[in-house]
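# Structure at a glance
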Amino acid sequence: MNFSTFNQTAEEFEEISALISSHLSEPYSIYVYWFFLNTWPEYCITVRLENDPKLVGVIISKVEKHRDVRLRGYIGMLVIDPVHRGKGLASKLVEMTIERMIQIDNVDEISLETEVINKGALKLYESLGFMRTKRLYRYYLNTHDAFRLILPITEKSMKRVAFLPALGT
Amino acid sequence: MNNIKDGLDDLNLNLKDPDNYVDITDLLFASVKSIENHQVVKSKYFDLLEGTRAVETDNIRLDTGMLRYELSEEELAFDPSLPISVKSMIAVMDKLYTLLMSWLNNSSLPVTILSCRYVQTILQNYTASVTKSIDICSLSDPRIRTENKGGNEFEKFLSEKVLKAFILGLCKYVGFVLGVGTSILYEEEDLTTRNMDLDFLSQLDKKSVLEEIRSAIFLINDKKDSAGNLIDLDNLIYRLEILHKMNEIESILKLSFEIEQTTYSIKPTIAFLDESVYILQTQIKSLSNYRSYIPPGSFSKFVQLDLNNKSITTELYELDTTESFNNLVNMFSQLNESLLKSSEISNYYQFQNFIQYEITNNMNSTFNVFVRGLFQLFLIRDNKAIMGSTRGENILTVTQKMMENLNTIDSQIFDVNGWPDLKEPIKQDILNKFDQLLNDLESISYHTLSNSTNNRCRQRQLMSRGLLVWDTLQVASENFELEVWENFRIGDELEGNNQPSLPISSYIYYNKLSLMIDILFRGFELDLYKIFEAPQIYWYISYLSQLALELLQGRIRHQLESKVQYLTTGLSKKIKKLKAGDKKEKMKKLQQEKLTHVVPKINLTIQYNENYLSKLFEGYFRITDAIKIYFSLLHFVKVIDLLKGPPKSKYTSLENIYNLRMKPFSSIGVPSLPTFEHYKSAIEINETNVTKENVRKIYSHCLDEFNEAKNIFRDLLEFIENKKLSGYYFLDGCSGNEEWIKALKKTCIHYLVEVKKLGKMLDEDNAALTTANDKKKYDLELETGFHIYFPKITVRERS
Ligand SMILES: CC(C)(COP(=O)(O)OP(=O)(O)OC[C@H]1O[C@@H](n2cnc3c(N)ncnc32)[C@H](O)[C@@H]1OP(=O)(O)O)[C@@H](O)C(=O)NCCC(=O)NCCS
């Protein structure tokens, strides 16, 4: 397996958006891909087979300030080609992302949303220590609720926003 | 770049109309040239959320313009003004009822009601017109002209008169729902109000719409002799009647009830709700019988192609017809029931229990979202009047009544005239502070009451936000009450210990504790906790419940009993000491008045706190403590490791997860949040005591606690079922409380069985712990339980 960072070429951009749009239920516009991939290319990690250049998995994330008091990583999309699921690829991508977020940005926490019925994704994230902090009522257009998951990393993630100093610029 | 240009040419834009369209091709390409690579150009108002729904030209999933290639000729050129048969007419109505219920099931208008070309056309004509009159609302689309429309006279009449009346009525109703949605409900999660810039008849008088419907019904009846199948015509009329009644719903916002005063029966006033249920259940019965008669092309994605659309192409959405029918019936019956019960409330105990157990706890996804919003508007009016009271009941008075119902009745602090004599500026200063405190209490009551109709997920988030307010208020009220007591002797004294009573801060503390308990419990309902978190949460709840119980049976009870003692003996002594005369007589009269009116009320409060509230918290304490012990037992037999969190937790720890989970409580002053270390020592899982004997001891203790909990809930149930004792506090005909306690009792029984099973496993195995010790053999499973706060946690043999 080859894990690498998005190489910022139009070809790879096409590959990534094609893989995602064929396996995620909600369609995203080209803007969303650009938003993530252009601003945080270091948080887009791809995986390919050793002897086959085809893209089989990708994770896309970002890091931003959360209400001006914490630095929050956010995992936006994660997809593995169905043929290659169950081999630990997604776990590896998530772990690499967490490590990078800690290393590069020293994030306080990492969050994401996933549908309450997506047992696979929940198991994957929760086994790494992500915790369900909120249930979001009918978050997805197909009427399912979602969970917001958070992986607490620093002390700040365990304090209420109102009791934290502003990060400033 | 050339590719894009070819693409644009392919689109073959028709620029025949230079007045309305400006060719921006050159301008566009000139601006694009100045964009550097790897740069995203966007307006600052365009955020990620909008981005995820943004239209993307030339992308079949994201460009609504491309729908023109997907829609059939029949759909594109559908003429809504064609005459229509009775059967087709009913089919369209049933489909629209179905789509209405689909919209209310978290869908959007463009993929439900607005997918109907009849609806789109009437609204388009109305929106475009200047006069906004009813005549302008025609079913003719000026862009579509059919030479020979066909159809007989009756079918023309149906189209021009009946179909039009139906669509008008439906749109008016949708307009009302939109209003409720935008003022009360949460956009997207409760209701999606995106309306394609169509005006849902906002300026059309409701009366004239109702008149249209009635006259349609009249004319159909009139034509019965000459036309078609009578059964079909009756069916047509029933559907119009339902729509008429739907449009009457708005009138409930004019109803006004007075709690604590026998109000007139509202049954006749809202009889139309009951009648609707009756017509639906006995006459209409189904929304699918005429389905095959829907005019081809009348429902499609056309509106998404045709009108201003800020959203991507979306598939049409339609609930199953049976579910839609049931939802429609529920809409009327849930509203009917909520209103009837509200009108019967005769005191504020009943009010609080009603709001808690019949409204707040019922706001799950089976409760109609429109009724949820509407009930909120009914409950708290624009002027903050409660249920439309015309005698001054508003949030502030309700707050004071709720306080009195717990512990503040006849508190001296509320009796400003009875305060000791003070210099004016001082008095004013105290009064200002007191007003501020009451205002804050009013706001938090408003927050709580208006949260009662939110969806359960939202409720919990807002409760967590409210917790901060309660906590701040507790500090403020304590400071205030102490200050005025110490400096001016304002306030009551507790009998026997010369201490100030501090009723307001006690009330706040009580509310804060019960809120904390509820927030924690609700995490189970919303499936937020992993199994390894359950013991932490139940342990924390048991601690908080114990505090609530102590508060109720300690300070609060003392406050109430002191008050009774003062009004009886204390006041008598005071009177005795007075010289005969006016003042003495006045005091005597006052005492008499208090003895007849106040003391019995206090006794009612004492009874309620003792027989109901205390018992409830005691029950919560016992059952959660028992579950905590059950987990210790499971830890000893190694079915779970309570000190181990997520399997691969190299980035975080169980302690971090504990702290993140408890974050909402981390800032609370009293009681301060117990640390993870506290938790570890509380669960008593010292590895050195894993002897067979010890495990046996824990096992029997666990059984005892569950038995004790069961008995408490049994007593509570007896109290509630004994109408002589409890009828004053609980509204007749409401079973919410009873069901609640029954489910708690069942939970205890379930756990008793589970714990005994575990005991048997230990007995049967001679080596006692070894089998269970084998971690791989047993596992824990979390499933839906008897009570929303108590999922079943069961030991399973691994398959
Ligand atoms: C979810 C998804 C990314 C998992 O990819 P994957 O490479 O198969 O996952 P992994 O092999 O790394 O599995 C990691 C863990 O997740 C769990 N898991 C993954 N898929 C699962 C499934 N379908 N059912 C149950 N558990 C599953 C397993 O427990 C596994 O841990 P284990 O092997 O130690 O028991 C993949 O199924 C996918 O692309 N789904 C569609 C897109 C999606 O849902 N993305 C997540 C939305 S944020």
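Sequence positions are assigned chain by chain, starting from 1 and proceeding in written order. Naming scheme: in the order in which they are written, chains are lettered from A and ligands are numbered from 1. Selection of residues for local features in this predicted model requires a pLDDT of at least 70, selection of side-chain atom pairs for listing and counting requires 80 or more, and totals for whole chains, interfaces and linings are taken over all residues. Calculated side-chain values reflect all of the structure's heavy atoms, with hydrogen atoms and water omitted.

As recorded by an unreviewed UniProt entry, chain B carries the name N-alpha-acetyltransferase 35, NatC auxiliary subunit and is attributed to [Candida] railenensis. UniProt positions are given in the numbering used here, feature names are shortened, and annotations may be inferred rather than shown by experiment. Looking at chain B in UniProt, the text filed under Sequence similarities (unreviewed entry) is "Belongs to the MAK10 family." In its Subcellular location (unreviewed entry) section, the UniProt entry covering chain B states "Cytoplasm".

The name given to chain A in an unreviewed UniProt entry is N-alpha-acetyltransferase 30, and the organism recorded there is [Candida] railenensis. Its UniProt record, at the heading Sequence similarities (unreviewed entry), says of chain A: "Belongs to the acetyltransferase family. MAK3 subfamily."

### Thoughts on the nonpolar core
Each nonpolar core is a collection of buried residues, namely Ala, Val, Leu, Ile, Met, Phe, Trp, Tyr and Cys, held together in the definition by side-chain atoms within 4.5 Å. Categorising residues by exposure relies on relative accessible area from a 1.4 Å probe, with only protein chains included: less than 20% of the type maximum marks a residue as buried, more than 50% marks it as exposed, and the intermediate range marks it as partly exposed. One finds A:Phe130, B:Leu96 and B:Phe351 to be the most contacted residues of the largest nonpolar core, which totals 294 residues. Broken down by element, the residue count for this core peaks at 20 residues, all from helix H21 (residues 582-636) of chain B. Taken together, domain 2 (71-350) and domain 3 (608-799) of chain B each give at least three residues to this core, which thus spans both. Filtering out sequence-adjacent residues up to four positions away, B:Leu96 remains in contact with B:Ile113, B:Cys116, B:Val119, B:Phe166, B:Ile167, B:Leu170 and B:Phe299. Helix and strand assignments come from DSSP, with helices taken as H or I runs of at least 4 residues and strands as E runs of at least 2, each series counted from the N terminus. Start and end points for every domain follow an automatic or database-based domain assignment. The criterion used for residue contact is that any of the two residues' heavy atoms lie within 4.5 Å.

### A closer look at the interface of chain B and chain A
Quoted interface sizes are often the accessible area lost when the parts come together. The interface of chain B with chain A comprises 51 residues on the first partner and 48 residues on the second. Overall, the association of chain B and chain A removes approximately 4400 Å² of surface from exposure, summing both partners, and the carbon and sulfur fraction of that is 59%. Two parts placed together each lose some accessible area under a 1.4 Å probe, and adding up what both lose gives the buried area. Together, B:Leu48, B:Tyr651 and B:Leu660 form the three largest contributors to the area buried by chain B at its contact with chain A, with a combined 16%. Any Lys or Arg side-chain nitrogen found within 4 Å of a carboxyl oxygen on Asp or Glu counts as a salt bridge. The interface formed by chain B and chain A holds 3 salt bridges in total.

### Things to note about the domain arrangement of chain B
Residue and element names in this part refer to chain B. In terms of domains, chain B is made up of domain 1 (2-68), domain 2 (71-350) and domain 3 (608-799). Computed from C-alpha atoms alone, the centre-to-centre distance between domain 2 and domain 3 is 50 Å. Each partner contributes to the interface: domain 2 provides 6 residues, whereas domain 3 provides 9 residues. Summing the contributions of domain 2 and of domain 3, the shared interface buries around 640 Å²; its carbon and sulfur component is 63%. Among the residues of domain 2 in contact with domain 3, Lys-341, Tyr-349 and Gln-350 are the three that bury the most area, contributing 75% of the side total. Our enumeration of links across domain 2 and domain 3 arrives at 0 salt bridges. Whenever a nitrogen or oxygen atom comes within 3.5 Å of another N or O atom, the pair is scored as a polar contact, on the condition that within protein one atom can donate a hydrogen and the other can accept it, and that pairs from neighbouring residues in sequence are kept only if both atoms are in side chains. Where domain 2 touches domain 3, the interface holds 4 residue pairs in polar contact (both at pLDDT 80 or more). For the side of domain 2 that touches domain 3, the elements supplying multiple residues, two or more each, are helix H13 (321-344) and helix H14 (348-359).

### Considering unusual backbone geometry
Residues and elements named next belong to chain B. Val-670 connects to Pro-671 through a cis peptide bond whose omega is -5 degrees. A positive phi angle, near 55 degrees, is found at Lys-132, a position not held by glycine. By secondary structure assignment, the location of Lys-132 is in the loop between helix H7 (117-128) and helix H8 (153-184). Classification of Lys-132 as buried rests on a relative accessible area of 16%. At Lys-285, a residue that is not glycine, the phi angle is positive and equals roughly 60 degrees. Mapped onto the elements, Lys-285 comes out in the loop between helix H11 (271-284) and helix H12 (302-306).

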